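Coordinate analysis (summary)
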Amino acid sequence: MPPRSRPLSDIFVSGWTSQRRTSQQPITPRTPHTRSGRAEEGLTDVQLDELRTHSEDENGYLAVSEQQAEPLLRSSASSSFPAGYRSLGDDHDILGGGEWWGRAQPIVERFCYLAISVIACVLLAMFTISLKWTWEDMSQPFNDGSGFQQTEFASPSEDVLAAVPSPSYAETRPPPGRVISYENYTTFPLTGLEYLQECGKIMGGFMSHAGFWIPPKHGPLDVVHHDDVTDYHLPEGGRTQVCTKTITYLLDGHVGLVADLALMAQVAGLARERGRTFFVDDTYWNRGRWSDHFQDVRGLQPGPEPGCRAPPPEELVACPRTARHWVISSRTAKYHLGHEYEENYQDPYAHEVNRQKPTFNVGLESFTQTIRPNAYNAALIRAARSEMASILSLPDFHTSLGNLDPYISVHIRRGDRKAVSWAYHKSYVPLENYAQAARDTWARLYNTSADPATAHFPSPPVTWVASDSPDALREFVAAFPSSTALFALDLSTDPDLRALAPTRPYIQGEFDMEEEEERIRLTRGMVVDLALVSGLWAWPDDVVPGAVVCTISSVVCKVSALGLGFDRAFGFDDDGDYKMGVINEERKRWVEIDNQDVVTPAWEGFGLFN
């Protein structure tokens, strides 16, 4: 006989059949605990109500799909009734001892909290006492045994110990209609080309200032400044405020290394004269970082506010130069270092090359004090000079400065710099002109000449040759006997120096195509060559050149005169009368073989570029 169908009352939790159950089997409440075999504790009605209320408040009424599929009341004789049912109190035999821990647990927790609080108070008291003793010791005068007491240190005020305040700013706005707006730009500082365009808007036609530092007649032009006026209470006089007035030279790779340095030397001089803090910005430089080659200018020329912060880049202004934070680059220099600069900073009462003496001295001071090679480059320069000194061993030649000058230098520029004179228009000065000028200069200044038949190494003219062209260097060397003492980066016995030699003529427009590492290498080689050609950055016991042969088309030629000194460079170092500023051809040591001193001025300290 088939089993009877399951009544609906067994399917639905609250279901009842139409007839009363006739079976008198005992019925036991069933919960999820009974399925897992856990003890059902036979809760009272009140406890069940509380449990039901809590469950409904927490989870809400379950969906139909989640409701229990079997009746909560199940006969204990049913086959589905779980085995192992335990009644209320059965757990006491299993847990054993739970009653005493329940009474002891609050006491243990309170004891732990109390112990931690006591330890924290003791540590705080010890720290406070030690801090008080420390400041009391610092506030006492220190006697070093010499009878003089050191400066007293006062106990810190409450302001010093207070939290760092939030910065507050004060807006400085130019007069109405005189505000320079950079609202169309999103990246700062601007590039050299963008600053050039901004200068064109303001100074189209090279507007005169009526005086080099006099603001425009309609009022000063500047950007809106937001000055941080917060007192941060920094110790030891530390500064957090932006420098009051600054001049920044922007390196953007538009021109060669020495062209930038020559302009920078004049700008650093303006910063010294005007009492402005000088900065160098290398954001867009294509030769690495400034620190890869030179020392930080802030340490060498700190200005009137040592330690002050650089201005925000969005507040730099290229034109006019009377702005609070003036920035200048090789592209915008033509607006500032042209005719007006010459009228203000050259000697208006002097003649010929004497007119340039003020700018000569400014450039020399900047290269001596502000623009100096870093430790790595200085070591390379020293190595090159030491190599020459060890090979030559000629103690008979001394300059008035105490340096040995046993050689002359020759700079041969090829690449994208052609001659400026009509004699070699759109071409280069022939290499035989360099070789002949080296022989003549040596014979004129050192009163000796080379005799190829009897000469032995090192025979004159002892020469350091610097060139951007390996072919030009080889051709120059071939013009002299093998016994001639010729030195160059590529001819050095030091592998570190040979590694700096150029491999092709320098063309400014193609320089960016080189890898960054190669650009840094070539720049480092140019720094060493500039030092050996000019004599700049020499220590008292270093060898320096007694003369330099070069062409005016290269800025290296212009800067090389600085290392010789004004009087020695132009032959004014005797008792002659040189008020008219005419170069002494018999005594000059700066030998320019392109214009050959027939164009006035014969020398200029820098070049201007478009």
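Residues numbered from 1 in each chain as written. Predicted model: local features only at pLDDT ≥ 70, side-chain atom pairs only at ≥ 80, totals over all residues. Heavy atoms only, no water.

**Regarding the confidence of the model for the protein**
Test applied: Every residue carries a pLDDT, the predictor's confidence in it, which falls somewhere between 0 and 100. Residue contacts are counted whenever heavy atoms from the two residues lie within 4.5 Å of one another.
Chain-level statistics for the protein give a pLDDT mean of 81 and a share of 72% at 70 or above. Across residues 72-76, where pLDDT falls below 50, the model places 18 contacts with residues more than four positions away in sequence or in other chains. With pLDDT under 50 throughout, residues 396-401 is counted as low confidence; its partners more than four residues away or in other chains account for twelve contacts.

**Some words on the environment of Pro502**
This is how the line gets drawn: Here a helix means four or more residues in a row that DSSP labels H or I, a strand means two or more in a row labelled E, and each is numbered from the N terminus. Type-normalised accessible area, obtained with a 1.4 Å probe on protein chains alone, sets the label of each residue: buried when under 20%, exposed when over 50%, and partly exposed for intermediate values.
Mapped onto the secondary structure, Pro502 falls in the loop between helix H14 (495-498) and helix H15 (516-534). Residue Pro502 is classed as partly exposed on the basis of its relative accessible area of 23%. For the pair Pro502 and Leu489, spaced 13 residues apart in sequence, the C-alpha to C-alpha distance is 8.8 Å. In this view, Pro502 contacts Ser467, Asp468, Pro470 and Leu522; residues no more than four positions away in its chain are not counted.

**Here we look at the sheet that holds strand S8 (residues 404-412)**
Convention followed: Paired strands are those between which DSSP finds at least two bridges. Axis definition: a line fitted to C-alpha atoms, over the contacting stretch in the case of helices. Angles run 0 to 180 degrees between N-to-C directions.
With parallel pairing, five strands are arranged side by side in an open sheet as S10-S9-S8-S11-S12. This sheet does not close on itself; its edge strands, each paired only once, are strand S10 (484-487) and strand S12 (590-592). Geometrically, the sheet is characterised by an average inter-axis angle of 30° between neighbouring strands, direction not taken into account. Pairing geometry for strand S11 (residues 543-550) and S12, over three bridges, is parallel. The partner of Val548 across the bridge, within S12, is Trp590.

**Concerning H15**
This is how the line gets drawn: A helix is expected to reach a length of 1.5 Å times the quantity of its residues less one.
An ideal rise of 1.5 Å per residue puts 27 Å on 19 residues; H15 measures up with 27 Å between its terminal C-alpha atoms. Within H15, 16 of the 19 residues are buried, which leaves the element mostly enclosed by the surrounding structure. Once H15 finishes, Gly535 follows within two positions and takes phi at roughly 90°, a positive value.

**Description of the packing of aromatic side chains**
Think of a pair of aromatic rings as described by two things: how far the centres are apart, and how the planes are tilted against each other in angle. Put simply, the rule reads: Stacked, tilted and edge-to-face are the three classes applied to pairs of Phe, Tyr and Trp rings, where Trp contributes its six-membered ring and a pair requires centres within 6.5 Å; stacked means planes under 30 degrees apart, edge-to-face means over 60, and tilted covers the rest. Charge over a ring is defined by NZ of Lys or CZ of Arg lying within 6 Å of the ring centre and within 35 degrees of the ring normal.
As enumerated under the stated definition, the model contains 24 aromatic pairs in all. Among the aromatic residues, those joined into a ring-pair cluster are Phe360, Phe566, Phe570, Phe572, Tyr578, Trp590 and Trp603. A cation sits over an aromatic face here: Arg321 above Phe212, 3.8 Å from the ring centre. Between Lys418 and the ring centre of Tyr428, over which it is positioned, the NZ or CZ distance is 5.3 Å.

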